[in-house]
Amino acid sequence: RFQQEPARRGTKALTQIGPYRVVEELGQGGAGDVYVAQRNGTGPMVALKVLRLPADEDDEARFEREANISGILDNPYTISLLDRGLSDNGMRYMALPLFTGETLKQVIASKPDAVRTFRYLEQLLLGVAAVHSANVVHRDLKPSNIIVQSGKDTIKIVDFGLARFIKANRSNKDEFRTMAGAISGSPAYVAPETICGDHGGAPTDVYSLGIVFFELLTGKRPLTAPTAYSYLKEHLIATPLCLRQAQPGLDWDTELERLIARMLAKHP
């Protein structure tokens, strides 16, 4: 389903979630919140992601699957799970590493040089390869879900809220069920097969990653549209720009052009 602006709430801020003392709120989403917290008020700071109460069955299943997936990821370029649990009042939470940095979207706007750009491309390939090796598809790869850590200049792929196991049994009750007709992902980055109702696999991430790569290399998207639903048509039938069209003043390598074109193919 497409991401929407989070609704602001007037409820009283939480101070304790399970063994974690809340320090401050980091952000709000449609179904949950993220806090800076400390275990028992003395441990290292973590990002504590919680599922807001009351939660419906689908959101609970999705939250549990995100925790399960984050728990098996062990790679320098992906987020990993530190802890998970249930508070006394039944609130689900997961603790994730807390780090500072910019989103890749912000970095792209600053026009990184070629050395940094290709370093990020390599790290993204290694991170996504590790996700796929764990039999997981992210399903929402985009620059705002990739963090460039301050001081290290390395990336972290985050937000596995839409991720799923590639070979998951679709009749299993643990499988997240979207609303009828809804599409999982973000309009500018969603793969054609997802629009057609296919649950997708590793190629679904490759398509989204191709758009991210194109943005990193040129500062532009290979396909543009005025609205979310216009993007769906573009992904299905429009011919994406090549690197040479996006930045005609540069001498683009033929193999790099061919790689991007393969990543952006309409058929998985």
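As the structure is a computational prediction, the values presented were derived from the model and not from experiment.

Looking now at the side chain of Arg139. If you trace the backbone, Arg139 turns up in the loop between β8 (136-137) and β9 (146-149). Judged by relative accessible area, which is 12%, Arg139 ranks as buried. Polar side-chain contacts of Arg139 include one of 2.7 Å to the backbone oxygen of Leu162.

This part is about the sheet that holds strand β1 (residues 16-17). With antiparallel pairing, six strands are arranged side by side in an open sheet as β1-β2-β3-β4-β6-β5. Every interior strand has two partners, whereas the edge strands, β1 and β5 (83-86), have only one. Pairing analysis gives four bridges linking β5 to strand β6 (residues 92-97), with the strands arranged antiparallel. Residue pairing across strands places Arg84 opposite Met94, the latter belonging to β6. The strands that helix α1 (residues 57-72) touches are β4 (45-51), β5 and β6; relative to β6, the one it contacts most, it runs at about 30°.

Quick look at the pattern of salt bridges now. A side chain of one charge can pair with a side chain of the opposite charge if their charged atoms are brought near each other. All chains considered together, the criterion is met by 12 salt bridges. Across the pair Arg39 and Asp83 runs a salt bridge whose closest N-O atoms are separated by 2.8 Å. Here Asp83 lies in strand β5 and Arg39 lies in strand β3 (residues 32-39), a separation of 44 residues in the sequence. Residue Arg221 is joined to Glu215 by a salt bridge in which the shortest nitrogen-to-oxygen separation is 3.9 Å.

The rules behind each value
Residues numbered from 1 in each chain as written. Predicted model: local features only at pLDDT ≥ 70, side-chain atom pairs only at ≥ 80, totals over all residues. Heavy atoms only, no water. Helix = DSSP H or I, 4+ residues; strand = E, 2+ residues; numbered from the N terminus. Buried < 20%, exposed > 50% of the residue type's maximum accessible area, 1.4 Å probe, protein only. Polar contact = N/O pair within 3.5 Å; in protein donor to acceptor, adjacent residues only side chain to side chain. Pairing = 2+ DSSP bridges. Contact = heavy atoms within 4.5 Å. Axes fitted to C-alpha atoms, helices over the stretch in contact; angles between N-to-C directions. Salt bridge = Lys/Arg side-chain N within 4 Å of Asp/Glu carboxyl O.

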